[in-house]
Amino acid sequence: MEQVLEFGLGGSPMSSNIRLLVMFLISAGTAIAAYFIPSTVGVVLFMTGFGFILSLNLSEMSLTCTHTMIRLSASNKAISRDPRIRFGWREFFFYLIVLTLALIEASLLHHFAGFSAFSRASPQAIVSYMLIILLIVMWILREIQGVYLFGIFRNPFYPKDVRTVTVFMETQRSLMKVGVVRRILLTLVSPFAMIAFLSLDTSLQSLHSVSICIGFTRTFRMVWQNTENALLEMVIVSIVQMFLFNTDVWWNRSIDTGIRLLLVGIIRDRLLQLISKLQFAVTVFLTSWTEKKQRRKSTTTLITLNIVFFPIVLVFITVCALLSSPVVPLFTLPIFLIGFPRPIRNWPGPVGATACICSDTMYYQQVIPSLVTALQSALAAGSLGLPFPGSHYLCRFQDRLMWIVVLERGFTYCCLNIKGLELQETSCHTAEAHRVDEVFEMAFECQEHAQNFTLNHHFGNILTPCTALPVRLYSDARSVLSGIIDSHENLKELKDDLIKVLIWMLVRHCYKNSKTCEKLDKTKKNKESFPLPQPKGVEKTRPIKDEDSMSVGTFADWTDDSDLFDLEPSRTIEKKETKPLETATGKLLSVPGSLEIQSTTGTSQETSAEKLYKAVVLGLPAVDKGKKQEVVSLPLVEFSCSYSELLSIPEEWRTAPIPTSKLNEMRQRFPEDWYHFVLSQLDFFHVKEKPSNVLEDLTKDKALKELYIRGVLSCCFDFLGLDNTVPAPSHVFRAYTGGIPWCVGLDWLTGKPELFQLALKAFRYTFKLMVDKASLGPVESFRELINYLEEYESDWYIGLVSDIEWQQAVLQEKPYLFSLGHDPNLGVYTGRVLTLQELLVQVGKLNDEAVRGQWANLSWELLYATNDDEERYSIQAHPVLLRNLTVQAADPPLGYPVYSSAPLHVPLL
């Protein structure tokens, strides 16, 4: 069906089986309907109109109409336009004008000048000369867009410096202008010239002929559906016609122009497939000997047999070309078999249905919109060669590989599927990606090639570099933090900076909350002051059995492979309190290495739990059960400034179980000058009747300051401990990841999820500040420190790669991301920084034969694989793509796809 639609009806392979069936039925109905039209002018108008309409992106047009009808019928007027829809009124009027002009041109030319026979001076011959000139000009304009001419010589017009985006784009402006000219010739000039050629043909005077209806229906469709190939076919037919116009041969006597174009189209496609298959077979043949990893003991024998039985091998390859089926080299050996005929899409399932989703998926998901925009300009300008359904491209940037497949092609649009491959998880994939880098570096970054008119040293390789595209994506930089995180001076400053960052974080949080509160006058009316609740006791440390500490709450997650003394925490503290140790059935969870005591009563179970905690949870404070707990009452808070209640810390955040003696001892570390500076940065614009001395009143309010002293120091104590010692790097790493070692106030802090997240965020900001100070120099003023923190808040996400917020930040395109990690093998701490910027992504075109159907090369088991397995392997290139056979059956070349997009309809206007 796909072959008949493409070569018999002039259509394009489709991105899904349903679309293929619908388009096949519509196209066949158009050819049948043309047979019953009695007027020649009517036939020309019918074929021209439907050929243009069927070549458009009808799926997107129908989607636009459906979305518009929903918007008109919906009562909610706030429904916005779907961002995926690119079809609007501008495109509608453009298509309408082009269709109208095409119908006028076809009808007028056929009516007034369509009765003259073909000769060297006839109108159709004159149009043929124009088509020949157009083909040559468009071919030249397309070739000078890429980095190589004919894939052999480096293009002297291509930018020599492709390392900087600004320099590259500035030097490529002239090529972009050439691309605009080519786009106009391809979109407007060539179709109208070909319609003139067809309208002037005398074969259209013979009606009610099946061959004419099929041939010209296909040709009028090809004019818009595949303009480049249609132009080539008409030029070939015109040249043959010029040499044979006065001879009595079957070409002139038996067949009409439509059938001639159909035969030329089939011959063109099968000949190009034969050349591609021969190139692929020769590559397998040569690399089986030249590459050490592909050379086997039987290679010499196989090469000899291929030479002796070369006619048979050539017959096998020719049959594959005629059947449009892939050539399958058995186990990557030079033993060639005829593969099963396959559709252009290469896999039977829905496009984008399967992919090995993992943490790398979000990076490809973020880059797709920008990559599609860059591909739109490159495809329209001709930088990627001649894209047709079944073309494959490979994009490379740092450790990322993106696989692009052309699914269908029409008038001013192209349908793509983009797959992101895993980020080089194995040594095999790293070696193969290194070979890809060598090919691209030789084309784009080699200074020798930039200065001279040189040859492509990788000519004949299955990967041919095309161009570099400016794409907005994340660059990944990793560094070792040795000398920073283990510096005594840096860690000492970390404790002081944490207090400052906590002050800034809490003041900012309370200030933002005050904007959402009720009016100040309404608050004053309801409350004269903002007291604490009735005096009550501070939460005392609960008995050991009731503690929800980090070291106790993870018993259920222990396994036989767990390491109690591992440097990296196996689990971060949850935002909510952990559940009791006992399960719902009342059975006590066992701990590796401990003796499980069987009990039948609740009392015995409780006793067992107490013994278990006492035996395992070492280092927890002892509790005197016979001693009566002290109840420490907190006085009411009465502010001296009426505006202080806008910055007041929430009530539940003021009850931290900190010993009074320790609080008084550490009170002197509270930086009052920094506290006053942070208050001076606030602007109570949302408060009416703001007095001029509000800042002075706030700074003099001792009650407000006392709240912040208690809140800030309690969080600081929980993260870095109560003592004055410098924290160890391992302690800092655990605190950064949220796995804070147990202390007296940890349960209180984790019981306040919002406060805990603010404190954790402040600690991560402080650590990033320590890294920046070690790299860029010390902070010299409060204003500079504020600028650092505001930049962290607006432009950075500082956390862990495993956080859900990290993925959200990538998809939201935060400018910078920072993460702290630890390499247990090397024993070092690492920092990872992702920077969002516009960089150049290198793109190369793959040999189509090396891609289609080569999944069977990996293992015989895959010959019976399911559809999902087939998709994962079918998009992989043959190992000789990189001339490096380091692939096992379970480890496909270049990695599994971790992201697969749905069909992307890219407009080429």
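Everything numeric in this text was worked out from a predicted model, so none of it was measured.

(A) Inspection of the packing of aromatic side chains at higher detail. Per the counting criterion, the structure on display carries 32 aromatic pairs. Ring plane angle 20° and centroid distance 6.3 Å describe the contact between Phe 719 and Phe 756, whose orientation is recorded as stacked. Of this pair, Phe 719 sits in helix α24 (residues 702–720) while Phe 756 sits in helix α27 (residues 753–776); the two residues are 37 residues apart in sequence, bridging distant segments of the chain. With respect to burial, Phe 719 and Phe 756 carry one shared label: buried.

(B) Summary view of the environment of Leu 263. Tracing the backbone shows Leu 263 in helix α12 (residues 257–290). Sequence separation of Leu 263 and Gly 215 is 48 residues, and the distance between their C-alpha atoms is 9.5 Å.

(C) Summary view of helix α14 (residues 310–323). Over its 14 residues, α14 extends 20 Å from the first C-alpha to the last, a length consistent with the 20 Å expected when each residue adds 1.5 Å. On its buried side, α14 packs onto α12, α13 (299–308), β3 (327–329) and β4 (336–338). Looking one or two residues beyond α14, the residue adopting positive phi is Ser 324, at roughly 55°.

(D) Seen up close, the pattern of salt bridges. Scanning the entire structure with this criterion turns up 20 salt bridges. Of the charged contacts in the structure, one is a salt bridge between Asp 476 and Arg 832, with a shortest N-O distance of 2.8 Å. Taken together, the positions of Asp 476 in strand β8 (residues 463–480) and Arg 832 in strand β11 (residues 828–846) put the pair 356 residues apart, joining distant regions of the chain. One exposure class covers both Asp 476 and Arg 832, and it is buried. Where Asp 803 meets Arg 764, a salt bridge forms, and the shortest distance between an N and an O atom there is 3.4 Å. Pair noted here: Asp 803 is in the loop between β9 (796–799) and α29 (804–811) and Arg 764 is in helix α27, with a separation of 39 residues, a long-range link. A single burial state applies to Asp 803 and to Arg 764, both of which are buried. Here the residues in one salt-bridge network are Arg 182, Glu 228 and Arg 409, joined through shared partners.

(E) How the structure looks around the packing of α12 against α13. Running from N to C, α12 and α13 cross one another at 150°; their axes reach a closest spacing of 10 Å. As the angle between them shows, α12 and α13 are arranged roughly antiparallel. The two elements α12 and α13 cross, and the hand of that crossing is left-handed. For the pair α12 and α13, the contacting residues are Phe 285, Ser 288 and Trp 289 in the first and Thr 299, Thr 300, Ile 303, Asn 306 and Ile 307 in the second. For the contact of α12 with α13, the per-class residue count stands at four nonpolar, four polar and no charged.

Scoring rules and cut-offs
Residues numbered from 1 in each chain as written. Predicted model: local features only at pLDDT ≥ 70, side-chain atom pairs only at ≥ 80, totals over all residues. Heavy atoms only, no water. Phe/Tyr/Trp six-rings, centres within 6.5 Å; stacked < 30°, edge-to-face > 60°. Helix = DSSP H or I, 4+ residues; strand = E, 2+ residues; numbered from the N terminus. Buried < 20%, exposed > 50% of the residue type's maximum accessible area, 1.4 Å probe, protein only. Expected span 1.5 Å × (residues − 1). Contact = heavy atoms within 4.5 Å. Salt bridge = Lys/Arg side-chain N within 4 Å of Asp/Glu carboxyl O. Axes fitted to C-alpha atoms, helices over the stretch in contact; angles between N-to-C directions. Parallel < 35°, antiparallel > 145°, perpendicular 65-115°, else oblique. Left-handed = near helix turned anticlockwise from the far one by under 90°. Nonpolar A, V, L, I, M, F, W, Y, C, P; charged D, E, K, R; others polar.

Function cannot be inferred from these measures alone, as they are strictly geometric.
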